[in-house]
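Overview (structure and organization)
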Amino acid sequence: MDFPAPQPHLPLTGPRPLPREATPEQPAPALNRRGFMSRLSLASMSAALGAEIVFGDQMPAGLVPAALGQSAAPQAIPGKEALSVFNNRPLVAETPAHLLDDEITPAKYLFVRNNGLAPAPEQLNPENWTLEIAGESCVKPVTLTLKELKEKFTQHTLQMVLECAGNGRSEFNPPATGNQWTTGGVGCPTWTGVRLRDVLEYAGIKPDAVYIGYYGADLHLSGDIKKSSISRGVPIKKALEDESLLVFAMNGEDLPLENGHPLRLMFGGWAASTCGKWVKRIVIRDREHDGEKMKGHSYRMPRYPVAPGTKVPAEDMDIIAAMPVKSLVTFPKSGSTHPTADFLSIRGHAWTGEGDISEVHVSLDFGITWHEADLRPASNRYAWQHWKAELKLPQRGYYEIWARATDSQGRSQPMVLPGWNPEGYLNNTCHRVAIQAI
Ligand SMILES: Nc1nc2c(c(=O)[nH]1)N[C@H]1C(S)=C(S)[C@@H](COP(=O)(O)O)O[C@H]1N2
Ligand SMILES: [Mo]
């Protein structure tokens, strides 16, 4: 029987921020003085609908066409019913920690983070999907069909962690706006595809190339076809790594629609926002890519520690590169009860953006004593590592299981929240799981 468990992951110090309502970013249509839709926003909404809004002039200000989904009420995702949905527009959903127990994350448990409106399923036909390679530092721009990609280049399968940079955001105080992720914006399936390096070299990389950027087939939330919902990238050095892939399969099957079918990017150890979904175009740039969500505060951290709530000028923010060291307790489930007499087997995963995990320690007494867990090697670079441990529950009562990973660079997870930052990124605090012995 479960008892009412606290949040799966709580800050150890300071007041807990009030839970923020998951408010979807509603499109903000341009209005004229009389409050009717401007021609521009009507045109973008028509584009999103794929049809002219016949009585568009009569539409009241702020009305979102019903076909675009007027309700923001979270609902289950078909095929991913167990995920907790934050928003429908854009669709964002995370995985409860105990459902991440599998060594290889099944598709049904992989989180979803859309920034815009996902392409309609009929637009995602692998038979006529093409990928364009271009950009000012591309020698010979080319367009390849998905079939050509699969046939021309050697295929590779790797297990790699995909983690949203905002995972853990809900703990920061003052709270950052955006999806209030607890611990479930992460997963580690296997990915099959071709090396991005092979494809970029096929098109030719000029010596002045410094960055790559992606463009996907999803629409900006406003429906404006001239805007990207997100268009990020990585430095050319990262793009050319062995593990940087253009993937078309996950766990041996087609990618799920929400996770970028039929083609997406995968960069091991970096923020998942670099892993473009539904990718149509990759540009080789002679400068840092300047697509949507590359500038300002997006996916950037203050260059120096700041007090919570500080307004940090954009020029003092650096782009997030590799993700920090982190771990999860995936068994037992937070809120579960266990018999006192037995040893309790506990387990989970640990990962880091660069290098590998060297140790995982667990504590049952609020960090007074720590026990080293058994740790398995990763199946390949950038995969998470499984750990397990046995703990004796000495008597009836409430306990918390804490887990702390240390990586090969000697970095370990903080017990208290790491540096506050304006957008609430990179929270890698120790995971805490509440249990009761009866
Ligand atoms: N085209 C496109 N690619 C995208 C996104 C998006 O909204 N559109 N979201 C990014 C972000 S912020 C994250 S965290 C990951 C999420 O991948 P998933 O939805 O497969 O879990 O995709 C990235 N790639
Ligand atoms: Mo993300």
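Residues numbered from 1 in each chain as written. Chains lettered and ligands numbered in written order. Predicted model: local features only at pLDDT ≥ 70, side-chain atom pairs only at ≥ 80, totals over all residues. Heavy atoms only, no water.

Looking now at the pattern of salt bridges. For the coordinates displayed, the defined rule picks out 18 salt bridges. Residue Arg287 pairs with Asp286 through a salt bridge whose shortest N-O separation is 2.8 Å. Under the relative-accessibility criterion, Asp286 is labelled partly exposed at 30%. Notably, a salt bridge pairs Glu288 with Arg300, separated by 3.2 Å at the nearest N-O pair. With Glu288 in the loop between β15 (279-285) and β16 (300-302) and Arg300 in strand β16, this residue pair connects regions lying 12 residues apart in the sequence. Judged by relative accessible area, which is 34%, Glu288 ranks as partly exposed. Judged by its relative accessible area of 10%, Arg300 is buried. Where salt bridges share partners, they join Glu136, Arg285, Asp286, Arg287 and Asp290 into one cluster. (Salt bridge = Lys/Arg side-chain N within 4 Å of Asp/Glu carboxyl O. Buried < 20%, exposed > 50% of the residue type's maximum accessible area, 1.4 Å probe, protein only. Helix = DSSP H or I, 4+ residues; strand = E, 2+ residues; numbered from the N terminus.)

The subject of this paragraph is the packing of aromatic side chains. In the structure shown here, the tally under the stated rule is 6 aromatic pairs. Between the aromatic rings of Phe111 and Trp181, the centroid separation amounts to 5.8 Å while the plane-to-plane angle is 90 degrees, which identifies the pairing as edge-to-face. Of this pair, Phe111 sits in the loop between β2 (91-94) and β3 (112-113) while Trp181 sits in the loop between β7 (162-163) and β8 (186-187), and the two are 70 residues apart along the sequence. By relative accessible area, which is 4% here, Phe111 ends up buried. (Phe/Tyr/Trp six-rings, centres within 6.5 Å; stacked < 30°, edge-to-face > 60°.)

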